[in-house]
Amino acid sequence: MNLLSAPMRWHTLVFTGALLLASCAGSDGTSTASESENETSAKAQRIAAMKQVTDQHSFARPEEARITHLDWNARVDFDARTISGTATYDIEVAEDAQRIVFDTHELAIKEVLVDGEPVEHTLGAAQPFIGQPLTVPITPATKKVAIKYTSSPGADALLWVEAQGDKPPFLFTQSQAILARTWIPVQDSPGIRFSYDADVEVPKGMMALMSAENPTETNADGRYSFRMAQPIPAYLLALAAGEVEFRSVGERCAVYAVPELIDKAAYEFAEMEQLLLAAEELYGRYAWDRYDLLILPAAFPFGGMENPRLTFATPTIIAGDRSLVALVAHELAHSWSGNLVTNSTWDDFWLNEGFTVYFEQRIMEAVYGRETSEMLATLSYQGLVDEVDAISDLNPDDTHLKLHLAGRNPDDGMTAIAYDKGYFFLRLMEETVGRERFDEWLNGYFEAYAFKGMDTERFVEYLNSTLLADDADKAAVRIEDWIYGPGLPSNCPSVSSPRFERVDATLAAWGAGDLSTADLPWEEWIYQERYRFLSNLADDTPTERMAELDAAWGIGSTGNNEVLFAWMEQAIRSNYTPTYPRVESFLIEVGRRKFLTPLYRAMKETGQMEMALDIYGKARGGYHSVATGTMDELLDWKG
Ligand code: BES
Ligand code: ZN
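Residues numbered from 1 in each chain as written. Chains lettered and ligands numbered in written order. Predicted model: local features only at pLDDT ≥ 70, side-chain atom pairs only at ≥ 80, totals over all residues. Heavy atoms only, no water.

**Student:** What's the story with the sheet that holds strand 15 (residues 245-248) in this structure? I'm lost.
**Tutor:** Backbone hydrogen bonds hold the strands of a sheet together, and the pairing may be parallel or antiparallel. Spatially, 15-16-17-19-18 is the arrangement adopted by the 5 strands of the open sheet, whose pairing is mixed. Only two strands of the sheet have a single partner each, and these edge strands are strand 15 and strand 18 (304-305). Judged from the 4 bridges that link them, strand 15 and strand 16 (residues 253-257) form a sheet pairing that is antiparallel. Counterpart to Ser248 in the pairing with strand 16 is Ala254. Seen against the sheet, helix 3 (residues 259-268) touches strand 15, strand 16 and strand 17 (291-295) and runs at an angle of roughly 150° to strand 16. Contacting strand 17, strand 18 and strand 19 (310-313), helix 5 (residues 326-333) crosses the sheet at an angle of about 125° to strand 17. (Pairing = 2+ DSSP bridges. Helix = DSSP H or I, 4+ residues; strand = E, 2+ residues; numbered from the N terminus. Contact = heavy atoms within 4.5 Å. Axes fitted to C-alpha atoms, helices over the stretch in contact; angles between N-to-C directions.)

**Student:** What's the story with the site of ligand 1 in this structure? I'm lost.
**Tutor:** Lining the immediate environment of ligand 1, one finds 15 residues, of which Gln176, Gly303, Glu306, Glu331 and Tyr419 sit closest. Take Glu306: an N or O atom from its side chain is 2.6 Å from a nitrogen atom of ligand 1. In the complex, the protein chains occlude 88% of the 520 Å² of accessible area that ligand 1 would expose alone. Sorting the residues of the shell around ligand 1 by element identifies strand 18, helix 5 and helix 6 (349-368) as the ones contributing at least two each. Ranked by residues supplied to the shell around ligand 1, first place goes to helix 5 with 3 residues. Partitioning the shell around ligand 1 into residue classes produces 6 nonpolar, 6 polar and 3 charged. (Near = heavy atom within 4 Å. Polar contact = N/O pair within 3.5 Å; in protein donor to acceptor, adjacent residues only side chain to side chain. Areas by Shrake-Rupley, 256 points an atom, 1.4 Å probe, with all protein chains shown as cover. Nonpolar A, V, L, I, M, F, W, Y, C, P; charged D, E, K, R; others polar.)

**Student:** Is there a simple way to explain the nonpolar core in this structure?
**Tutor:** Nonpolar side chains in soluble globular proteins tend to be buried together. Formed by 207 residues in total, the largest nonpolar core has its most connected members in Trp72, Ile83, Phe269, Phe425, Tyr445, Phe533 and Tyr600. Not counting the four nearest positions on each side in its chain, Trp72 is found in contact with Ile83, Thr86, Ala87, Tyr149, Trp183, Ile184, Asp197, Ala198, Asp199, Val200, Met210 and Leu239. (Core = buried A, V, L, I, M, F, W, Y, C linked by side-chain atoms within 4.5 Å. Buried < 20%, exposed > 50% of the residue type's maximum accessible area, 1.4 Å probe, protein only.)

**Student:** What am I meant to see in the coordination of the zinc ion (ligand 2) here?
**Tutor:** Each pair of donors in an ideal octahedron of six around a metal sits at 90 or 180 degrees, and each pair in an ideal tetrahedron of four sits at 109.5 degrees. For the zinc ion (ligand 2), the protein coordination sphere consists of His330 (NE2), His334 (NE2), Glu353 (OE) and Glu353 (OE), at 2.0 to 2.8 Å. Of note is the zinc ion (ligand 2), whose 6 donor atoms meet at the metal with angles of 52 to 158° in an arrangement that counts as irregular. All donors of the zinc ion (ligand 2) come from a single chain, and their spacing in sequence reads H-x3-H-x18-E. With His334 in the loop between helix 5 and strand 20 (341-343) and Glu353 in helix 6, the pair connects residues that are 19 residues apart, well separated along the chain. Judged by relative accessible area, His334 falls into the buried class, the value being 0%. Overall, the relative accessible area of 2% leaves Glu353 in the buried class. (Donors = N, O, S within 2.8 Å, 3.2 Å for Na, K, Ca; no water. Tetrahedral: all angles 85-135°; square planar, octahedral: opposite > 155°, others 65-115°.)

Encoded structure:
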């Protein structure tokens, strides 16, 4: 069955209320009704909201003219490594509008049409990170702007994974934060939302998937149609093309993966629907109909990306025992925090990620129990302390929740602060007002701001007049210190995990020679305990003892990539060379930045730059630009 065979009509989508209906009206080119007073005032409100926040990472001027719907027609060419097509936008314009401005980055613009008539467009000078503004002349009466274009073979969002042996090629996009503009001309600001339809042609034999209603079978002609009825920001535009299969794992959930992985993926993520139900139980109805997961090639630079209706994920979370599903809980949680209520600019990134880590842990607690979620919280605390330590000297302002990324690559601000300091800030509020009140408030927040942007200042106002209206609660939380202050405020909630405490004691005894390797309870430990043990080994652990662990546990062949990673980092730091071939093969196969950065950094910090550069030279061509951007700088790569 093809899910696209029964497309939903705009007007049946009632749950988003007047806002969505207003922005969809007329999106098919006909005007559905004369603009009612309600619609006019809704439009005025949206434009007023747009005026409040300026996104320094977009050239768009939404207060003059903004996109409301995209009709995308495109062809994916694996030989040329390009996407070419036409992006036709429905637009909404201010009374005196004379232009509409789009973001582009290394796109070749072929032609621009305004309501069907060719016009002269202007491409401004290229600026670092943000690309070039594309300015199109319009009038207040303009309804549609069509842009014909081709992307560049080096487009930063795209990774063209080459065929290898009997593995066919694969393409995926990664648009967050400001890379959508490298594969489609768009108003690439998280505060600007639009619905979309797409017709995409890919090589025969491949399935195309988007952040939209998706096919479940490969079409013989390589042509696919998509619809995303709910309005989304450009960073959630996503496309993948490859020889993948579909496997349902629940009423609303399925996995997509290449044939070699589809069984494993279906087993690993069999609990997706349970996570979804738990999430709805906590914070309200899921707004996107289906929640599916696409397992990408190992070169994917992230663990997961919350593309609406279809999370993109690394295959490194397939452990064989369902132990790494927290990542799915995280991306699922974004369906509320991020995809429904969206950070207005990248300076407000913590509103996406901090809320999501909090929500992720609540899902994990609901499904797997408090012990599991407290272990996650403890790891989060450790991550936070380490990150504050790492960036306090260099960029102390980057330890604030509210960031100042103007003129910088927004990627620079995407540190553990947004995630973990954000998480502990929310946890502090929960502990201050009590869980019941907090949950009620958070439900209300998601409902009140669904399909809207949120910036830190507006959030603080909302918080002050709702959850923390009481002076005593305000004083207990100290909002300003958390949001506009550095480091870790002294009222940060404390977490503890008895399991981790036992692991730490075991490690201390083993390190002191009071416990032999044979007596370590490796088999009884769950993966988090193994990870805790390995990641806290002393750097000067003698080679003989590393060899003992290696022989006793066979860590190099574990299916759990988190455990393997912790071992490899330790091996590099302790100069344990028998693991080096595994490090090399791992780094050539896997492009997940969270693993690459610490591994290459460990080589750099221990005087093993030669090895780092040798491996990087072999692996770099297979990495995504997001990963090479970070690694080039870390390793001072000159090519
Ligand atoms: N949205 C992020 C990934 C991202 C952030 C991409 C910033 C580009 C810019 C995603 O939800 C995420 O946080 N992924 C984490 C997962 C984790 C925290 C469970 C990752 O990939 O490691
Ligand atoms: Zn996230």
